[in-house]
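Observations on the three-dimensional arrangement
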Amino acid sequence: MTSLATRGHQETRAMWTQAQRPSPTTAHHDLTATLSLRLPRVLVSGICAAGSFVLVAFSHSVGTGLCGVVLASISSGLGEVTFLSLTAFYPRAVISWWSSGTGGAGLLGALSYLGLTQAGLSPQQTLLSMLGIPALLLASYFLLLTSPEAQDPGGEEEAESSARQPLIRTEAPESKPGSSSSLSLRERWTVFKGLLWYIVPLVVVYFAEYFINQGLFELLFFRNTSLSHAQQYRWYQMLYQAGVFASRSSLRCCHIRFTWALALLQSLNLAFLLADVWFGFLPSIYFVFLIILYEGLLGGAAYVNTFHNIALETSDEHREFAMATTCISDTLGISLSGLLALPLHDFLCQLS
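Counting restarts for each chain, with residues numbered from 1 along the sequence as it is written. For a predicted model such as this one, the threshold for reporting local features is a pLDDT of at least 70, and the threshold for listing and counting side-chain atom pairs is 80 or more; totals across whole chains, interfaces and linings nevertheless cover every residue. Each side-chain value is derived from all of the structure's non-hydrogen atoms; neither hydrogens nor water enter the calculation.

Re the side chain of Thr87
Looking at the secondary structure, you find Thr87 in the loop between helix H3 (62–86) and helix H4 (94–118). Residue classification places Thr87 among the buried positions, given a relative accessible area of 7%. Reaching out from Thr87, the side chain makes a polar contact with the backbone oxygen of Leu84 at a distance of 2.5 Å. Setting aside its immediate chain neighbours within four residues, Thr87 contacts Val94, Ile95 and Met323. Helical segments are the DSSP runs of H or I of at least four residues, strand segments are the runs of E of at least two, and each set is numbered from the N terminus. Exposure is judged per residue with a 1.4 Å probe applied to protein chains only, and the accessible area is read against the type maximum: over 50% gives exposed, under 20% gives buried, and values in between give partly exposed. N or O atoms within 3.5 Å of each other form a polar contact, as long as, within protein, one can give a hydrogen and the other can take it, and as long as residues adjacent in sequence are counted only when both atoms are side-chain atoms. Only heavy atoms matter for contacts: two residues are in contact if any of them lie within 4.5 Å across the pair.

Take a look at the structure:
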């Protein structure tokens, strides 16, 4: 009896899923229109990235350098919300590929800067050598991005998705990716409230880790090592990015449902390193290396699992809006950490 009921439920779910899946022609048309609408965003993102390299490379004042940082932030934030929302048009596995790619970008950026400066190039020469990256971004968007083919998710992904509790229940008979522009304000608010279960932990994770990165890295200085102060800072950044890359690429190996646990662990990291800056009890820089690597692992895991869970638990019609909305989490966490970390950094410098 139970087996028959379960089989009936699975058949009903399969019919409902097939009814919601758009035809190949519709999917291609929707993506083509969406790519055209996002073209100005991609151009602005690429131009801002190039402008940030030039401004910082030739800056002779703090104000000019900060303007370059602002342009880099605009490029990063606009690019993330643009490309992450596009994952709604592709199989859910693309979330893992996206996260791994962004983690790899951070690691490659930190390694290239560390390697080129260690090889003898000045910071200005190193930054100017990066101007090919924005051009590569635009070329990949125009030349590499292709329309997805209609396919049945099936297999492990479908089984996992069927066991999840949806964030938003909907009785709509039809839905398709990319229809977020047609959502009413009430629907958007309902989706946003459902997303808070994931948004709040991700904000806490990013707040804690960027509080460490912006406020504590420079103060975690060890004199009993051959590395200079600047070199220690670069190694911190590289190890952090290595941890982020590893964990953002780990979705196939490990799925984490309760991301609030990662937020708690990252907060403990912040408290521990802040205590070390204050009391100076760690005897060696290698302990800090391990903690920073661990910090990156937690941050990357929170990112990839948050968006993976949202992809599984949102309907097609809500997914694009949900992905774009959740992008505010890392931006909000980073902004709040900067507001608090910078004055605290100055205060701790005055004490020392």
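Observations regarding the side chain of Ser45
Tracing the backbone shows Ser45 in helix H2 (residues 24–58). The class of Ser45 is buried, set by a relative accessible area of 2%. With residues up to four places along the chain from it excluded, the contact list for Ser45 reads Ser75, Leu78, Gly79 and Leu137.

Some thoughts on the confidence of the model for the protein chain
Values of pLDDT, ranging from 0 to 100, describe the predictor's confidence in every residue of the model. Averaged over the protein chain, the pLDDT score is 82; the fraction of residues at 70 or greater is 80%. For the protein chain, per-element mean pLDDT is lowest for helix H1 (residues 2–20), which scores 45, and highest for helix H10 (residues 260–279), which scores 95. Predicted confidence for residues 1–28 stays below pLDDT 50, and this span has 17 contacts to residues more than four positions away or in other chains. With pLDDT under 50 throughout, residues 170–175 is counted as low confidence; its partners more than four residues away or in other chains account for 8 contacts.

Re the environment of Glu317
You can see Glu317 is positioned in helix H12 (residues 316–326). For the pair Glu317 and Ser182, spaced 135 residues apart in sequence, the C-alpha separation works out to 9.0 Å.

Regarding the environment of Gly300
Along the chain, Gly300 falls in helix H11 (residues 285–313). When the C-alpha atoms of Gly300 and Gly103 are compared, they prove to be 7.4 Å apart, with 197 residues separating the residues in sequence. With residues up to four places along the chain from it excluded, the contact list for Gly300 reads Val244, Ser247 and Arg248.

A look at the packing of H4 against helix H9 (residues 229–248)
Between H4 and H9, the least distance of the axes is 8 Å, while the angle of their chain directions is 160 degrees. Classified by the angle their axes make, H4 and H9 are roughly antiparallel. The chirality of how H4 crosses H9 is left-handed. Throughout, the ten residues Ala, Val, Leu, Ile, Met, Phe, Trp, Tyr, Cys and Pro are labelled nonpolar, Asp, Glu, Lys and Arg are labelled charged, and all others, Gly among them, are labelled polar. Of the residues belonging to the contact of H4 with H9, the class tally is 10 nonpolar, 12 polar and 2 charged. The axes are straight lines fitted to the C-alpha atoms, using for helices just the contacting stretch, and the angles between their N-to-C directions are given from 0 to 180°. In this scheme, roughly parallel covers angles under 35 degrees and roughly antiparallel covers those over 145, while 65 to 115 is roughly perpendicular and the rest are oblique. Throughout, a crossing is termed right-handed when the near helix is turned clockwise from the far one, and left-handed when it is turned anticlockwise from it by less than a right angle.

A few points about the nonpolar core
Think of a nonpolar core as a cluster: buried Ala, Val, Leu, Ile, Met, Phe, Trp, Tyr and Cys residues, connected wherever their side-chain atoms sit within 4.5 Å. Membership of the largest hydrophobic core comes to 33 residues, with the highest contact counts inside it found for Leu84, Phe307 and Met323. For this core, the elements supplying multiple residues, two or more each, are H3, H4, helix H8 (185–216), H10, H11 and H12. Three or more residues apiece are contributed to this core by two domains, here domain 1 (24–145) and domain 2 (184–351). The contact partners of Phe307, leaving out residues within four places of it in the chain, are Leu84, Ile95, Leu202, Met323, Thr326 and Cys327. Counting residues in each nonpolar core, the second largest holds 26 residues, with Ala208, Ile212, Tyr240 and Leu282 among its members. How far each domain reaches was decided by an automatic or database domain assignment.

Some details on the packing of aromatic side chains
Centre distance within 6.5 Å is the pairing criterion for rings of Phe, Tyr and Trp, where only the six-membered ring of Trp is used; planes under 30 degrees apart are then read as stacked, over 60 as edge-to-face, and the remainder as tilted. One pass over the full model with this rule turns up 15 aromatic pairs. Judged by centre distance (6.2 Å) and plane angle (85 degrees), the rings of Phe217 and Tyr233 are edge-to-face. One end of the pair, Phe217, is in the loop between H8 and H9; the other, Tyr233, is in helix H9, and 16 residues separate them in sequence. Residue class for Tyr233 comes out partly exposed when judged on its relative accessible area of 34%. Among the aromatic residues, those joined into a ring-pair cluster are Phe217, Tyr233, Tyr236, Tyr286 and Phe289. Our definition puts a charge over a ring when NZ of Lys or CZ of Arg is within 6 Å of the ring centre and also within 35 degrees of the ring normal. Sitting above the plane of the Tyr303 ring, Arg248 keeps its charged end 3.7 Å from the centroid.

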